[in-house]
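The chain contents come next:
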Amino acid sequence: SHKGVSATFTRASVAYLEDGTQVASGVPRFEVGKFGQAVLVEEGTTNVFSYPTFNTVDSSGGWNHWGQAGSIGSWGQNTDPAFIFGNQTYSHWVENAAGATGDFLIYQAPSLGGQPGYSSIIFVCCMADGSPVTNDKCYPTWNGRDGGAPVNQWTSIKQIGTSKFYECRVDGIHQSGTGGTNDLIGVYIKPGNKVYFSRAQCERKPYATSFVDGTRSPETLTIPSNVLNPQEGTVELTYIPFLDSSK
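Now for a quick tour of the structure. All figures in this text were calculated on a predicted structure; none of them were measured in a lab.

**Observations concerning the packing of aromatic side chains**
Consideration 1: A full pass over the atoms with the stated rule returns 11 aromatic pairs.
Consideration 2: A ring pair is formed by Phe 49 and Trp 63, whose centres lie 4.8 Å apart and whose planes are at 55°; its orientation type is tilted. Here Phe 49 is found in the loop between β6 (45–46) and β7 (64–67), whereas its partner Trp 63 is found in the loop between β6 and β7, with 14 residues between them in sequence.
Consideration 3: Through pairs of rings, three or more aromatic residues link up here, namely Phe 49, Phe 54, Trp 63, Phe 123, Trp 154 and Phe 197.
Consideration 4: The ring of Phe 83 is capped by Lys 164, whose NZ or CZ atom sits 4.3 Å from the centre of that ring.
Consideration 5: Against the face of Trp 93 rests Lys 194, its NZ or CZ located 4.5 Å from the ring centre.

As structure tokens, then:
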């Protein structure tokens, strides 16, 4: 508050901080900004992946697995906190053994409803050996590509703080939406690698927002006009241009 006047924040659902902490409905999220603490205000979104935190006792983690010829794949659920990001019960490991000659896939195929459309994905994961996550160890894939982001490469891979976990993302996937496995989205594991997946997100938009398990309601921050001097200060925005390679 300022001089007895307070800003008003609303969000009718839980949300998550960058470090994985869940924030209750109606409570603002504060992250480190350019000038200290900043309040994060985002649009609403829905994560269309099932089991985005792999929260099931089933060894599949609620996901599908498939191997190219020559792959040596295996998978299972992990409860060791050292390989789990955030306050959740499980992470899901997928391994493609050394000596394999094909890549091994973890995937889902959330329906696009028979229409072409954009998606963006985020996977939070770490390597079993603690090494950095790189595109030559695991890489994204999707079927039915119809322009948009280049296939088989992450838009960005960002280490989360100083932890062993990395946020791997692709912005601007575009698929034909013809259904079935043509709507497939997943991650291939290269031979000789074991990856622990903690979180996965797929949004139907050409850019990714912060993680949510299910649906995040829109956030609003209302600042009374008598708090700010319109003749002073700055407003900073981030503009991320999206280039569609199909155009």
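Additional details are given in the paragraphs that follow.
**Focus: the pattern of salt bridges**
Consideration 1: The full count for this structure, using the stated rule, is 10 salt bridges.
Consideration 2: Between Glu 43 and Lys 205 there is a salt bridge, and its shortest N-O distance comes to 2.9 Å. Of this pair, Glu 43 sits in the loop between β5 (36–40) and β6 while Lys 205 sits in the loop between β17 (193–203) and β18 (215–216), placing them 162 residues apart in sequence.
Consideration 3: Glu 43 gets classed as partly exposed once you look at its relative accessible area, which sits at 36%.

**Details of the nonpolar core**
Consideration 1: Within the largest apolar cluster, 26 residues are counted, with the highest numbers of intra-cluster contacts made by Phe 49, Ile 121, Phe 123, Val 187 and Phe 197.
Consideration 2: Of all the elements in the fold, those that place two or more residues in this core are β10 (104–108), β11 (117–127), β12 (138–142), β15 (166–175), β16 (185–189) and β17.
Consideration 3: Those residues within four positions of Ile 121 in sequence are excluded, and the remaining contacts are Phe 49, Pro 140, Trp 154, Cys 168, Arg 169, Val 170, Ile 173, Ile 185, Gln 201 and Cys 202.
Consideration 4: Among the nonpolar cores identified, the runner-up in size contains 10 residues, and Ile 122, Cys 126, Phe 165 and Ala 208 belong to it.

**Description of the sheet that holds β16**
Consideration 1: Strand order in the open sheet made by the four strands is β7-β10-β16-β12, with antiparallel pairing throughout. Each edge of the open sheet carries a strand with a single partner, namely β7 and β12. Taken over all neighbouring pairs, the strand axes of this sheet differ in orientation by 25° on average, direction set aside.
Consideration 2: Alignment of β7 against β10, held across four bridges, turns out to be antiparallel. Opposite His 65, over in β10, you have Ile 106 as the bridge partner.

**Comments concerning unusual backbone geometry**
Consideration 1: At Tyr 51, a residue that is not glycine, the phi angle is positive and equals roughly 50°.
Consideration 2: Relative to the helices and strands, Tyr 51 is located in the loop between β6 and β7.
Consideration 3: Phi is positive for Asn 152, which is not a glycine, with a value near 70°.
Consideration 4: Relative to the assigned elements, Asn 152 resides in the loop between β13 (145–148) and β14 (156–159).
Consideration 5: For Asn 152, a relative accessible area of 35% gives the class partly exposed.

Parameters at a glance
Residues numbered from 1 in each chain as written. Predicted model: local features only at pLDDT ≥ 70, side-chain atom pairs only at ≥ 80, totals over all residues. Heavy atoms only, no water. Phe/Tyr/Trp six-rings, centres within 6.5 Å; stacked < 30°, edge-to-face > 60°. Helix = DSSP H or I, 4+ residues; strand = E, 2+ residues; numbered from the N terminus. Lys NZ or Arg CZ within 6 Å of the ring centre and 35° of its normal. Salt bridge = Lys/Arg side-chain N within 4 Å of Asp/Glu carboxyl O. Buried < 20%, exposed > 50% of the residue type's maximum accessible area, 1.4 Å probe, protein only. Core = buried A, V, L, I, M, F, W, Y, C linked by side-chain atoms within 4.5 Å. Contact = heavy atoms within 4.5 Å. Pairing = 2+ DSSP bridges. Axes fitted to C-alpha atoms, helices over the stretch in contact; angles between N-to-C directions.

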